[in-house]
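# Understanding the architecture of this molecule
Here is what each chain is made of, one letter per residue.
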Amino acid sequence: EFPDAGREVVVVANDITKQAGSFGTREDVVFDLASQLSRAKGVPRVYIAANSGARIGLSTSVRDAVRVKWKHADDPSQGFDYLYLTSDDYKTHVAGPTTRKAAKAAIVSDPARLPSETRGGHWPAVYEVTDVFGDAKTEPDLGVENLRGSGRIAGESARAYNEVVTLTLVVGRSVGIGAYLVRLGHRTVQRASNSPIILTGYQALNKLLGKPVYSSNDQLGGPDIMHPNGVTHLVASDHLDVVCQAVRWLGYVPATRHGSLPVPPRLWDPPDRLVAWHPLPNTPYDPRMLLAGSSAKDARGVAQLSASSSSSDETSSSAATVRDDHDWIAGFFDRGTLTEALAGWAKTVVVGRARLGGIPVGFIVTENRTAEAQHPADPADPSSSERVTNQAGGVWFPDSAHKTAQAVADFDAEDLPLFIFANWRGFSGGQRDMFDEILKFGAQIVQQLVKFRQPVFVYVPPLAELRGGAWVVVDPTINEDVMEMYAAESARGGVLEPAGLVEIKFRDRDLKKTMHRLDAELQRLDAALIEARREDAESFDNVDGTNHRREAELRARIDAREKVLLPVYTSIAVHFADLHDTPGRMKATGVIRDVVPWARARLYFYWRLKRRLLEFAVRRRVVALSRGAWDAGMAAQRILDAGCPADDDQHAVAWLGDDKTSALAGLIAQARDAGLAKAARDLLGAAGD
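This write-up is about the structure you can find in this document. Within each chain, residues carry numbers counting from 1 in the order of the written sequence. Given that the model is predicted, a residue must reach a pLDDT of at least 70 before its local features are reported, and side-chain atom pairs must reach 80 or more before they are shown or counted; all residues, however, enter totals for whole chains, interfaces and linings. With hydrogens and water set aside, each side-chain value is computed from the structure's full complement of heavy atoms.

## Some details on the overall build of the chain
On a plain count of helices and strands, the chain comes out with 25 helices and 26 strands. By the compact-globule yardstick of 26 Å for 689 residues, the chain is too spread out, its C-alpha radius of gyration being 36 Å. Along the three orthogonal principal directions, the C-alpha set of the chain runs to about 145 × 80 × 70 Å. Accessible area is worked out with a 1.4 Å probe on protein chains only. A residue is then buried under 20% of its type maximum, exposed over 50%, and partly exposed in between. Counting over 689 residues, the chain shows a buried share of 47%. By definition, residues are in contact when any of their heavy atoms lie within 4.5 Å. A separation threshold of at least 6 residues defines the contact pool for the chain, and within that pool the share at least 24 residues apart is 72%. Helix and strand labels come from DSSP, where a helix needs a run of H or I of at least four residues and a strand needs a run of E of at least two; each type is numbered from the N terminus. Only C-alpha atoms enter the radius of gyration; for comparison, a globular chain is expected to reach 2.2 Å times N to the power 0.38, where N is the number of residues.

## Let's talk about the packing of helix α4 (residues 144–163) against helix α5 (residues 177–185)
Axis angles are defined between N-to-C directions and span 0 to 180 degrees, where every axis is a line fitted to C-alpha atoms and, for a helix, only to the segment in contact. Contact geometry for α4 and α5: axes closest at 8 Å, N-to-C directions at 15°. Considering their axes alone, α4 and α5 lie roughly parallel with respect to each other. The handedness of the crossing between α4 and α5 comes out as right-handed. Side by side, α4 and α5 meet where S150, I153, A154, S157, A158 and Y161 of the first sit next to I177, L181, L184 and G185 of the second. Grouping the constituent residues of the contact of α4 with α5 by class yields 7 nonpolar, 3 polar and no charged. When describing relative orientation, an angle under 35 degrees is termed roughly parallel and one over 145 degrees roughly antiparallel, while 65 to 115 degrees is termed roughly perpendicular and anything else oblique. Take the far helix as the reference: if the near one is turned anticlockwise from it by less than a right angle, the crossing is left-handed, and if turned clockwise, right-handed. Here the term charged refers only to Asp, Glu, Lys and Arg, the term nonpolar to Ala, Val, Leu, Ile, Met, Phe, Trp, Tyr, Cys and Pro, and the term polar to all other amino acids, Gly among them.

## Considerations on the sheet that holds strand β1 (residues 10–13)
Pairing between two strands requires that DSSP report at least two bridges joining them. One open sheet holds the 5 strands; their spatial order is β1-β2-β7-β9-β11, and the pairing between them is parallel. The open sheet has two edge strands, β1 and β11 (234–236), and neither has a second partner. The mean angle between the axes of side-by-side strands here comes to 20°, regardless of whether they run parallel or antiparallel. As judged from the 4 bridges shared by strand β7 (residues 166–170) and strand β9 (residues 187–191), these two strands associate in the parallel manner. Note on β9: the bridge partner recorded for L169 is V189. Set on the sheet, helix α1 (residues 25–41) makes contact with β1 and β2 (45–49); between it and β1 the angle comes to about 160°.

## Here's the deal with unusual backbone geometry
Look at A20: it is not a glycine, yet its phi comes out positive at around 60°. Despite not being glycine, H258 shows a phi value in the positive range, around 65°. Within the element layout of this structure, H258 appears in the loop between α9 (239–250) and α10 (287–292). When its relative accessible area of 52% is taken as the criterion, H258 is described as exposed.

## Some thoughts on α4
To estimate the expected span of a helix, count its residues, drop one, and scale the result by 1.5 Å. For α4, built from 20 residues, the straight-helix expectation of 28 Å at 1.5 Å per residue is met to within 8% by its first-to-last C-alpha distance of 29 Å. Those residues of α4 not exposed but buried are N146, G149, S150, I153, A154, E156, S157, A160 and Y161.

## Side note on the packing of aromatic side chains
Here is the rule: rings of Phe, Tyr and Trp (six-membered ring for Trp) pair when centre to centre is within 6.5 Å. Planes less than 30 degrees apart are stacked, more than 60 are edge-to-face, and the remainder are tilted. Considering all chains together, one arrives at 28 aromatic pairs under this definition. Pairing Y90 with Y127 gives two aromatic rings, centres 3.7 Å apart and planes at 10°, and the pair type is stacked. Highlighted residues: Y90 in helix α3 (residues 87–93) and Y127 in strand β6 (residues 126–132), separated in sequence by 37 residues. Look at Y90 and you get buried, because its relative accessible area is 19%. For Y127, a relative accessible area of 14% gives the class buried.

## Description of the pairing of strand β4 (residues 80–86)
When strand β3 (residues 67–70) meets β4, the two strands line up antiparallel, connected through 4 bridges. Within β4, the position partnered with K69 by the bridge is Y82. Summarising the sheet, β4 and β6 pair through 3 bridges and their orientation is antiparallel. Across the sheet, the residue bridging to L85 is Y127, located in β6.

Purely spatial values, then, with no claim about function.
This is the structure in structure tokens:
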């Protein structure tokens, strides 16, 4: 991505060979300053974690001098009263010339409290030790000062996440504050073995529990725990793999915050090729293959591999003709560039990074297959057991909504454009899910999208649907400056699924009315029934009830006909309701920007993405030059007014990419003039005040 000069990063690492990699006050200062440097430069901060948390210690100088006042000098098992220093040790550790004394001690003046060996005679004074500080020069970092330093670097890490790309490589144990630094940096690559992320070691927990419950720290914070719970994004097999995955991750993000996205000089997958991987109707499939592509062997049974004359344009142009199982069926993104993150957590949503025509992007796509959520048993609780929960595809659950919101925040902090391939029927709203805060995490998706600053494309892919609350939390009106929504030709969107809508708005009474309006047999029977009733009304000698029997017979035949027709008319009603959810209606009502056939979606979004990125860059530039006189919306309109093509993205890219064109140069000059005028007004206003 940076073939000429490479890229700059700030690396902070624990030295596990120095006091077990623990954090003392000096280590905290180095970490804090290094992180501040990364923020000042706007470059990524890489933290290589292998530590034992905040440093702990005891004053060995005082320990070696202190004495014990026993309750009974001849029987130590009875306990002790206090610790003390002799007069000579007091002069060394308490009354010496150092700026910070090693201890604080008070003279024991009550004879009854003196040690037995000092009572009577002329023994030197005895000083009871009340506080141990440690020698200022030789014994720093013994206790709470290290926790204060830990608080400093915790706060700095939280600020760094919001301002630069923070990446943590866990290559050894990371304890206490080390574990919090991992989480505060968010993006984590963890080695598969002997690299736990823990708060307390297993030996200490066993001691607390009074029995050997845990046998290793990996049980508490290894990848089997941290990957499924969303702390660890990627798991690597060894140290080299950790570094390789980190370098690959950095390849997606700009050299500096708010910088240009890194695009390789050579494109190995042309943006103008068709998207060949097209799912089959009513067939669950792996959404990763939709985006990354797959071999023909993996696509068999879930993707359309050949065209047919009866297929729609979208389907036939997407279909791939294959010769053997090794043929590659191309997906939406550049081949070989998709990297999934957080794969072990909340499996009903898939998130990661990829490239489109060489441009790095973040993506979120719905898992349409049923997934399992595993909750391990706690060895400390004998009554607990492993619990496995099945989660339906196409539904947001509390964990997957949380994962979605977290991914949006990560992509925003990495300055990546975002593609959301939306295929959700809604949110899971059962009692357990409501208790597990589905509302909170669903709202977080909106909160993160409101803050997003790069282009966001919400696309409903082929044969997918977006409904109810799931539509609401990704609707472009959440952040109209950056978000746009599109749909494939076979996509659907609406409040309810057609079958559910029919139960409410097209009930049996309406179905029967439609039957009688359209079915010739029912129309004939209705006419016969009317005639029978007319004859019955005109007849005065229907003593034997012949007309009544005829009416009952006709009514029975009508009921039987309605019963036969009900299933087919129900399907007709569902189809009619489905016609309200088509992309054509979405575009006609203005809720989507365009209908984009899946086969040509790659080329369409390549130019749209390039256009939006250049548009955003020009917009930020003119807003900055205007010194606040123009906002983002005004700048966007000024760009169009200056002559930027509104509906031709390819020509717009050429227009926006050359700031020497007269129209764009004029726009930049207007922004500069507006900024100078505003500065003058502000200056005159301040002088008047």
